[in-house]
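Below are the chains, spelled out letter by letter.
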Amino acid sequence: MNYLDTVNKRTLEYFKVLEPDFPEWLWEYINTEALFKQNYISVTCGTIYSDLFESSYFYSSLDHSIGVALIVWHFTHDKKQTLAGLFHDIATPVFKHCIDFLNGDYLTQESTEDLTTEIISNSSEIMSLLKRDNIKLEEVNDYHKYPIADNDTPMLSADRLEYTLSNALFHYNKLNLQEIEEIYNDIIIQSNENNVSELGFKTLDIAMRFVRAMSKLAIIYFEERTRYSMQFLADIVKKLNEEKLITIDDLYSKKESDIIKIIESSKYSKVYDIWKTAKMVNISQQQPENVYFVHHGAKKRYINPLVNGKRITLIEKEAKELIDKVLNYDMSAYIWLDFDFWKGCEKMLDLEENSKKLQELKKRLDQIGDSLWCWKQRISVKIVKKYYTLKLIL
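This is a predicted model, so every value here is computed, not measured.

Let's talk about the environment of Phe-53
1) Next: Mapped onto the elements of the fold, Phe-53 is located in the loop between α3 (33-36) and α4 (61-76).
2) Next: Looking at Phe-53, the relative accessible area reads 6%, which means it is buried.
3) Next: Along the backbone, Phe-53 and Lys-276 are 223 residues apart, and their C-alpha atoms lie at a distance of 9.7 Å.
4) Next: Ignoring anything within four residues of it in the chain, the contact list for Phe-53 reads Thr-47, Tyr-172, Arg-225, Thr-226 and Ser-229.

Listed below in structure tokens is the structure:
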């Protein structure tokens, strides 16, 4: 189990931008079993598995966590803050924030974070490393206490910066690596309006390049295809759990690919395949009939960064317009594909079972037909024999 044996070369090139001098002490933590499980979970919340989305690059939850740690280390060179950044998603289940949707937490998407302390404390590997480095559990189990690692929306933190840059680079082609390097190198630690440390830009023009990319991504994070996909996956997981085909523990112990195999071998395989191969979702303001639909909002992830200590929306009209577009996005539409999740699966299953029964019946009828043909031949032979016997007598 070695992260370097699995990581994509492009990801390593990106990491080189975040921190040219990789902190070697971090490797032992990265390769612990508890953290390495995140290597099998996509940051896309399962959307990578559908043709509704253009992305095919697998950037894992572990990749993201390492990226956050590298950003924190780059700006602070503080081990405790860096480890808090590394561990911040250690409690992430398969399909990531889809499980927040399962828990009804689609507006804040924080319902799975409570397990962070439990998972770290239950890892003998991590606890041993922390003890060796003279670091207490409570100093690394909550990255919210470190404003460079995390802060409230719409401020810029290592977490928001990382997923903005990596999504722009790997999933949605909004920035190339050179542009990311220019953006990243313009960032320094500044003091915000509350006299709290925060990452911010030195140059307005570069900050605007970041905001333009960020505002496009912000809409992708909650637009119709995304809300539909996340709720759809959450509902499949919920049904599989109710039917005892998977457990809640499975969501934290199995790979995403393992859960997908279970879905594809279940009665939900047909509707999953419809979603997987769909090119676009249907949208209307009227509730559709006889189909599975999604009709709720989602968390709005956006950033209003500092430029030399001032929010960019206060000094640049275009930035305010772009962010207002995100904030005013209408999420009142009904979203659906052409199937009924709740009834359709049962009907599809019935059709499959009926098809099997029909095949068995056809086979049985063929066997009966063969038998009848044999009896017909035997009867014909007997009649012929009797005919010739009678003719000889006469």
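Focus on the pattern of salt bridges
1) Next: A complete count under the given rule lists 17 salt bridges for this structure.
2) Next: For Arg-225, the salt bridge is made with Glu-54, and the minimal N-O distance between the two is 3.0 Å. You can see Arg-225 sitting in helix α12 (residues 224-242) and its partner Glu-54 sitting in the loop between α3 and α4, a full 171 residues away along the chain.
3) Next: Of the residues examined, Glu-54 reaches a relative accessible area of 48% and is grouped as partly exposed.
4) Next: Across the pair Arg-311 and Glu-193 runs a salt bridge whose closest N-O atoms are separated by 2.8 Å. Of this pair, Arg-311 sits in strand β6 (residues 310-311) while Glu-193 sits in the loop between β1 (187-191) and β2 (197-201), and the two are 118 residues apart along the sequence.
5) Next: Judged by relative accessible area, which is 7%, Arg-311 ranks as buried.
6) Next: The partly exposed category is assigned to Glu-193, whose relative accessible area is 48%.
7) Next: Through salt bridges with shared partners, a single network forms among Glu-28, Arg-132 and Asp-133.

Considering α4
1) Next: Helix length check: α4, at 16 residues, gives a terminal C-alpha distance of 22 Å against a target of 22 Å (1.5 Å per residue), a fit within 8%.
2) Next: Extensive coverage of α4 is indicated by the burial of 14 of its 16 residues.
3) Next: The backbone nitrogen of Leu-62 has a side-chain oxygen 3.2 Å away, supplied by the residue at the start of α4, namely Ser-60.

Quick notes on the sheet that holds strand β7 (residues 334-336)
1) Next: Taking strand neighbours across the sheet as the criterion, the 3 strands line up as β3-β7-β4 in an open arrangement whose pairing is antiparallel. Each of the sheet's edge strands pairs with one partner strand only, and the pair in question is β3 (282-284) and β4 (293-294).
2) Next: Inspection of the sheet shows β3 paired to β7 by 3 bridges, in the antiparallel sense. By the bridge assignment, Asn-282 is partnered in β7 with Trp-336.
3) Next: On top of the sheet, α12 reaches β3, β4 and β7; it is set at about 65° to β7, its chief contact.

Structural notes on the side chain of Ser-269
1) Next: Tracing the sequence through the fold places Ser-269 in helix α15 (residues 269-277).
2) Next: Residue classification places Ser-269 among the buried positions, given a relative accessible area of 19%.
3) Next: Setting aside chain neighbours within four positions, we find Ser-269 in contact with Ile-263 and Glu-264.

Here's the deal with the sheet that holds β2
1) Next: Judged by pairing direction, the sheet is mixed, and its 4 strands sit side by side in the order β1-β2-β5-β6 without closing on themselves. Taken across any chain shown, the strands that pair with only one partner, and hence form the sheet edges, are β1 and β6.
2) Next: Relative to β6, strand β5 (residues 306-307) is paired through 2 bridges, and the arrangement is antiparallel. When the sheet's bridge partners are listed, Val-307 is paired in β6 with Lys-310.

Focus on the pairing of β1
1) Next: Taken together, the 5 bridges between β1 and β2 define a ladder with antiparallel strand orientation. Residue pairing across strands places Gln-190 opposite Glu-198, the latter belonging to β2.
2) Next: Hairpin connection between β1 and β2: a loop of 5 residues separates the two successive antiparallel strands, and Asn-195 in this loop has a positive phi of roughly 55°.

Section: the packing of aromatic side chains
1) Next: Overall, the coordinates contain 24 aromatic pairs when judged by the stated rule.
2) Next: Taken together, a centroid distance of 5.9 Å and an interplanar angle of 80° make the contact between Tyr-163 and Tyr-221 edge-to-face. Placement of the pair is Tyr-163 in helix α9 (residues 158-171) and Tyr-221 in helix α11 (residues 204-222), with a sequence separation of 58 residues. For the pair formed by Tyr-163 and Tyr-221, the shared burial category is buried.
3) Next: Considering the side-chain rings of Phe-232 and Trp-275, the 5.6 Å spacing of their centres and the 40° angle between planes classify their relative orientation as tilted. Of the two residues, Phe-232 is situated in helix α12 and Trp-275 in helix α15; the sequence distance between them amounts to 43 residues.
4) Next: Among the aromatic residues, those joined into a ring-pair cluster are Tyr-228, Phe-232, Tyr-272, Trp-275, Tyr-292 and Phe-339.
5) Next: The aromatic ring of Trp-25 is capped on one face by Lys-79, whose charged end is 4.9 Å from the ring centroid.
6) Next: Looking at Lys-300, its charged tip hangs above the ring of Phe-222, at a distance of 5.8 Å from the centre.

The rules behind the values
- Residues numbered from 1 in each chain as written.
- Predicted model: local features only at pLDDT ≥ 70, side-chain atom pairs only at ≥ 80, totals over all residues.
- Heavy atoms only, no water.
- Helix = DSSP H or I, 4+ residues; strand = E, 2+ residues; numbered from the N terminus.
- Buried < 20%, exposed > 50% of the residue type's maximum accessible area, 1.4 Å probe, protein only.
- Contact = heavy atoms within 4.5 Å.
- Salt bridge = Lys/Arg side-chain N within 4 Å of Asp/Glu carboxyl O.
- Expected span 1.5 Å × (residues − 1).
- Polar contact = N/O pair within 3.5 Å; in protein donor to acceptor, adjacent residues only side chain to side chain.
- Pairing = 2+ DSSP bridges.
- Axes fitted to C-alpha atoms, helices over the stretch in contact; angles between N-to-C directions.
- Phe/Tyr/Trp six-rings, centres within 6.5 Å; stacked < 30°, edge-to-face > 60°.
- Lys NZ or Arg CZ within 6 Å of the ring centre and 35° of its normal.

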